[in-house]
Amino acid sequence: MNRLRWLLSAALMVAAGASQTTQAASGPYWQTKDSKDQESYVKVPMPPGIQVIETELEGPVFATAEGKTIYTWPLGNLRNGNAGDRRNSGVATCDDTIYKETTGYMSPYPPGFLLPELETRKSCEQLWPAVLAPADAKPVGKWTIAKRKNGQSQWAYDGYPVYTSSLDKKAGDVYGGTNALNGGAQGIVRQPIGPPPDVPPELDVVPFRTGHMITTYKGFSVYASDADAPGKSNCTGKCLSDWDPVTAPQTAKTKGDWSVVERSPGIKQWAYRGQPLYTYVHEKKARAVTGSDIPGWHNVYTQRALLPPAEFTVQDSRIGQVLADKEGKTIYLYQCNDDAMDQQTCDHPDSPQVYRMAICGNFDATVCNATFPYVKASAGAKSESSLWTVVTIDPKTGKWAKPSDAGAMQVWAYRGRPVYTYGEDLKAGDANGDNYGEFNGQRNGFRAFWVRDDYRNNNLGRTANDR
């Protein structure tokens, strides 16, 4: 009986994986490489040496002349203190200090514990180089001047000093910060910044893990219908009992991707890239995506990330849909922030692995690798998406390795960080490792790679702090 049950379970798992492979390759969450969709933005004044570049997931971001993405570190509240830069203070707090002890900001942990790997620990300014301004620099638009401890001038945007990340190696990289999902315990993370999106005042753009979705200014999801013609709405009569046209003011005019559909004399409706826009009457929560379950209707994005690697699938789980490996096992991201004054992330192979080892294996690498195994990459595997890369890891240490090193593994990484499955997920769609770790996995732990989270109303998709 047990063997029969095992065989049936294995068959269901294979079938589920096969049924979802097509969705991962062409499903509603990503755009293909030949898609030209890019988010338009409002042109704003910028100092010399600052530019705007297009990125795959964050859309338009500010960058240095060399193409390095620019970040801020806004002051945030932790349980027993604050960390980050205070807005409009004119002072940058990220400096050359190498902190050696925990702050105690994350109770119930007391302050004064020595941080790991102090002999190689870097300062905040080594990890986050300041974007320096000339000594005679003048404010430009929202760009102002902050002072560093050493007397140097540093550019600030909207009142916050700006930095680049040591993890970003080429133009378009946005590896800085963390993979943290937004929550009250993940630490004070850095945020990439860019110009505002070019959208009408009635609408907004919300970042998700798979792209930038258009919502109303109140946060309700916006939809388009396959039954409409370009620039013409065919939603009339009974259709309007389920779908509300997104109305435009009488003064609205066509601009860029935005146009106006006249539904009847004096009634105007916004259209994006020729598609008339609607909200779903039955959605009562902001940022929901349940309207996309109605055949012929879909959420509207300014741009989406490219497809994940071909050997990944999408699976139905208990509260939504998750990214999974080729066998249907849920993919997990590890996130971690230490409790030092400069709030360094510890979710990257460059950082100490003791935090991860403590959570997944009680400091035992063998146990850790069985609890949350790395997702191995097939020989010669590549990805069209810049967010996904194949990296070489020493599973005993969690650090980088060379392909020729004994025991080295070729594994998949998302935003430069390895991804994992969970040893106790037994069938496709299981997500038993979600929230595994401290503070429900927010501060130091593992979170499932949700692409659609109905249970929490997609709040764990992507937010401004989801880095």
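See the structure printed just above.
Below: a short report on this structure.

So, how was this worked out
- Residues numbered from 1 in each chain as written.
- Predicted model: local features only at pLDDT ≥ 70, side-chain atom pairs only at ≥ 80, totals over all residues.
- Heavy atoms only, no water.
- Salt bridge = Lys/Arg side-chain N within 4 Å of Asp/Glu carboxyl O.
- Helix = DSSP H or I, 4+ residues; strand = E, 2+ residues; numbered from the N terminus.
- Buried < 20%, exposed > 50% of the residue type's maximum accessible area, 1.4 Å probe, protein only.
- Polar contact = N/O pair within 3.5 Å; in protein donor to acceptor, adjacent residues only side chain to side chain.
- Disulfide = S-S within 2.5 Å.
- Pairing = 2+ DSSP bridges.
- Axes fitted to C-alpha atoms, helices over the stretch in contact; angles between N-to-C directions.

All chains considered together, the criterion is met by 17 salt bridges. When the shortest N-O distance is used, the salt bridge between D158 and R87 registers 2.7 Å. Placement of D158 in the loop between β7 (153-157) and β8 (160-163) and of R87 in the loop between β5 (82-83) and α2 (124-127) is noted, with a sequence separation of 71 residues between them. In this structure D158 comes out as partly exposed when scored by relative accessible area, which is 29%. Several salt bridges share partner residues, and in doing so they unite D37, D257 and R273 into one network.

For the rest of this paragraph, the subject is the side chain of T392. By the element assignment, T392 lies in strand β24 (residues 388-393). At a separation of 2.4 Å, a polar atom in the side chain of T392 contacts the side chain of Q410.

Attention shifts here to the state of the cysteines. Under the criterion given, the structure shown has four disulfides. Each sulfur in the disulfide pair C235 and C239 lies 1.9 Å from the other. Its torsion about the S-S bond being -100 degrees, the disulfide of C235 and C239 is classed as left-handed. The exposure class assigned to C235 is buried, which follows from its relative accessible area of 2%. Relative accessible area serves as the criterion here: at 22%, C239 is assigned to the partly exposed category. Note that C336 is cross-linked by a disulfide to C346, the S-S spacing being 1.9 Å. Handedness of the C336-C346 disulfide follows from its S-S torsion of about -70 degrees: it is left-handed. In this pair, C336 sits in strand β23 (residues 332-336) while C346 sits in the loop between β23 and α3 (354-361), placing the two residues ten residues apart along the sequence. Here C336 matches C346 in class, with each residue buried. Taken N- to C-terminal, the disulfide-bonded cysteines of the chain are connected 1-2, 3-4, 5-6, 7-8.

For the rest of this paragraph, the subject is the sheet that holds strand β21 (residues 313-316). Reading across from one edge, β21-β22-β29 is the order of the three strands in this open sheet, with antiparallel pairing throughout. Of all the strands in the sheet, just β21 and β29 (450-453) have a single pairing partner and so form its edges. Shown here is a sheet whose adjacent strand axes are inclined to one another by a mean of 20 degrees, direction ignored.

In this section: the environment of A358. Within the fold, A358 resides in helix α3. Classification of A358 as partly exposed rests on a relative accessible area of 31%. Along the chain, A358 and G437 lie 79 residues apart, while their C-alpha atoms are 9.4 Å from each other.

Take the pairing of strand β1 (residues 50-55) next. Bridging between β1 and strand β2 (residues 59-64) involves six bridges; their strand directions are antiparallel. Bridging across to β2, I53 finds its partner in V61. Linking two consecutive strands that pair antiparallel, namely β1 and β2, is a turn of three residues.

Here the focus is the sheet that holds strand β10 (residues 203-208). On the basis of which strands lie adjacent, the open sheet formed by three strands has the order β10-β11-β20 and antiparallel pairing. Taken across any chain shown, the strands that pair with only one partner, and hence form the sheet edges, are β10 and β20 (301-304). Each neighbouring strand pair of the sheet contributes to a mean axis angle of 25 degrees, computed without reference to strand direction. Inspection of the sheet shows strand β11 (residues 211-216) paired to β20 by three bridges, in the antiparallel sense. Its bridge partner being in β20, M213 is matched across the sheet by Y301.

Note that all results are geometric; they support no functional claim without further evidence.
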